[in-house]
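Structure at a glance
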Amino acid sequence: MTEPERVNASRDEIDKFDAVASRWWDQEGEFKPLHQINPLRLAFIREQVALAGCRVLDVGCGGGILSESLAREGARTTAIDLSPGAIEVARLHALESGLEIDYQLRSVESLVADHAGQYELVTCMELLEHVPDPASVVRACAQLVRPGGTVVFSTLNRNPKAYLLAIVAAEYLLRMLPRGTHDYARFIRPSELSRWAREADLQLAALRGIQYDPLARQFHANRDVSVNYMAAYQRAGGTDAP
């Protein structure tokens, strides 16, 4: 008898996102920051990859905010998450929007056996800081992208400034996010992410920060990666692999 697959996820994290799944597309609710930064994430991805016709996997898709943007750009999009509520909302919203997105309730590690090297682009946004073993997610993403393909991550840096802005300010003072959304101990320094990426045969291609202006109440992208940041990596090897 084979042992069941170990799921790289916290039950508490899944339950937390399930509880608010119905509000994923409320642009004034707890997911408002994700709606606000989505254009910045999409612009960064566009700089790395031509999306029209691109075979894309969106890991940790939630309610499908980025997945829908990728599909609207012409990408052939598969999106996965471990929150049943989020996947249900994502499927319904895509149907209402007239978009074809293959949403699946499964882990990124479980895809590797059947889909290794099949995607030209893998995105994994705001997920690494929510899982017990982020290095495992990085390895799986690297295995799923084809040689020469691109993997894009976004996450939170770990330092006092990030703690003050991403937790104290965002969750307690400005109330942009529900309290308890983030665990500072799980924040990831760019050097840590890059080490895991190198071990998975990924080479850094671009790094970009995202900052929040409380006066303008807007996010903008720049070179400051001290809090939120995005990183694009290219898998070693040629670009002519299937």
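Higher on the page you've got the structure.
Here's what I pulled together on the structure shown here. Numbering of residues starts from 1 in every chain and runs along the sequence as written. Thresholds applied to this predicted model are a pLDDT of at least 70 for local features of residues and 80 or more for the giving and counting of side-chain atom pairs; totals over whole chains, interfaces and linings are not thresholded and use all residues. For side-chain calculations, the full set of non-hydrogen atoms in the structure is used, while hydrogens and water are omitted.

1. Let's talk about the state of the cysteines
For the record, the criterion: Note on disulfides: each one is a pair of cysteine sulfur atoms within 2.5 Å. Remark: exposure states derive from per-residue accessible area (1.4 Å probe, protein chains only) relative to the maximum for the residue type, with buried under 20%, exposed over 50%, and partly exposed in between.
On inspection of all chains with the given rule, the structure shows zero disulfides. The cysteine Cys61 is free of any disulfide, with Cys124 supplying the nearest cysteine sulfur at 11 Å. Cys124 takes part in no disulfide bond, and the closest cysteine sulfur to it belongs to Cys141, at a distance of 4.6 Å. The buried category is assigned to Cys124, whose relative accessible area is 0%.

2. Quick notes on helix H3 (residues 65–72)
Formally: Where helices and strands are cited, they refer to DSSP runs of H or I of at least four residues and of E of at least two residues respectively, numbered from the N terminus.
Within H3, seven of the eight residues are buried, leaving the element largely enclosed by the surrounding structure. Among all positions in H3, only Ile65, Leu66, Ser67, Glu68, Ser69, Leu70 and Ala71 are buried. Positive phi appears at Gly74, one or two residues downstream of H3, with a value of about 100°.

3. Considerations on the pairing of strand S3 (residues 102–105)
Condition: For two strands to count as paired, DSSP must find a minimum of two bridges between them. When the strands point away from the viewer, a crossover counts as right-handed if the path from the first strand over the helix to the second runs clockwise.
The pairing of strand S2 (residues 76–81) with S3 spans four bridges and is parallel. Bridge pairing in S3 links Ala79 to Tyr103. Assessed by its sense of winding, the connection that carries the chain from S2 through helix H4 (residues 84–97) to S3 is right-handed.

4. Looking at the nonpolar core
Formally: Here, nonpolar core refers to any group of buried Ala, Val, Leu, Ile, Met, Phe, Trp, Tyr and Cys residues whose side-chain atoms link them within 4.5 Å. Contacts between residues were defined by any pair of non-hydrogen atoms, one from each residue, lying within 4.5 Å.
Counting 32 residues, the largest nonpolar core has Val59, Val122, Cys141, Phe153 and Leu193 as the members making the most contacts within it. At the level of secondary structure, the elements contributing two or more residues to this core comprise strand S1 (55–59), helix H5 (108–115), strand S4 (119–125), helix H6 (134–144), strand S5 (145–156), helix H8 (190–199) and strand S8 (228–235). Here this core gets seven residues from one element, more than from any other, and that element is H6. Once residues within four sequence positions are removed from consideration, Val122 is found in contact with Leu57, Val59, Cys141, Leu144, Val145, Thr150, Val151 and Val152. Core analysis: the next-biggest nonpolar cluster, separate from the first, contains 28 residues, Ala21, Leu51, Val89 and Met230 among them.

5. Concerning unusual backbone geometry
With a phi close to 55°, Glu126 is a non-glycine residue in the positive phi region. Looking at where Glu126 falls in the secondary structure, it is placed in the loop between S4 and H6. Using a relative accessible area of 18% as the deciding quantity, one classes Glu126 as buried. Look at Arg175: it is not a glycine, yet its phi comes out positive at around 55°. Examined against the element boundaries, Arg175 turns out to sit in the loop between helix H7 (160–173) and H8. Using a relative accessible area of 64% as the deciding quantity, one classes Arg175 as exposed.

6. What to know about the environment of Asp12
Locating Asp12 in the fold gives a position in helix H1 (residues 11–19). As a C-alpha pair, Asp12 and Gln48 span 36 residues in sequence and 34 Å in three-dimensional space.

7. Looking at the pairing of S8
Regular strands place side chains that alternate from one sheet face to the opposite one. Along S8, six of the eight residues are buried, which leaves the element largely enclosed by surrounding structure. Direction of pairing for S5 relative to S8: antiparallel, over a ladder of seven bridges. Residue pairing across strands places Val152 opposite Ala232, the latter belonging to S8.

8. Let's talk about the sheet that holds S3
Each strand in a sheet pairs with its neighbour through backbone hydrogen bonds, running either in the same direction (parallel) or in the opposite one (antiparallel). Quick reminder of the rule: In this analysis an axis means a line fitted to C-alpha atoms, helices contributing only their contacting stretch, and an angle means the value between N-to-C directions, from 0 to 180 degrees.
With mixed pairing, the eight strands of this open sheet are ordered in space as S3-S2-S1-S4-S5-S8-S6-S7. Bordering the open sheet on either side are S3 and strand S7 (218–222), each of which pairs with just one other strand. Pairs of neighbouring strands in the sheet enclose a mean axial angle of 20°, with direction left out of account. Running over the sheet, H6 touches S1, S4, S5, strand S6 (202–213) and S8 and is turned about 150° from S5.

9. Observations regarding the packing of aromatic side chains
Quick reminder of the rule: Any two of the Phe, Tyr and Trp rings considered here, Trp counted by its six-membered ring, make a pair once their centres fall within 6.5 Å; the pair's planes then place it as stacked at under 30 degrees, edge-to-face at over 60, or tilted in between.
Evaluation of the coordinates by the stated rule reveals five aromatic pairs. A ring pair is formed by Trp24 and Phe31, whose centres lie 3.8 Å apart and whose planes are at 10°; its orientation type is stacked. Overall, Trp24 belongs to the buried group, its relative accessible area being 7%. Considering the side-chain rings of Phe153 and Tyr233, the 6.1 Å spacing of their centres and the 65° angle between planes classify their relative orientation as edge-to-face. Pair noted here: Phe153 is in strand S5 and Tyr233 is in strand S8, with a separation of 80 residues, a long-range link.

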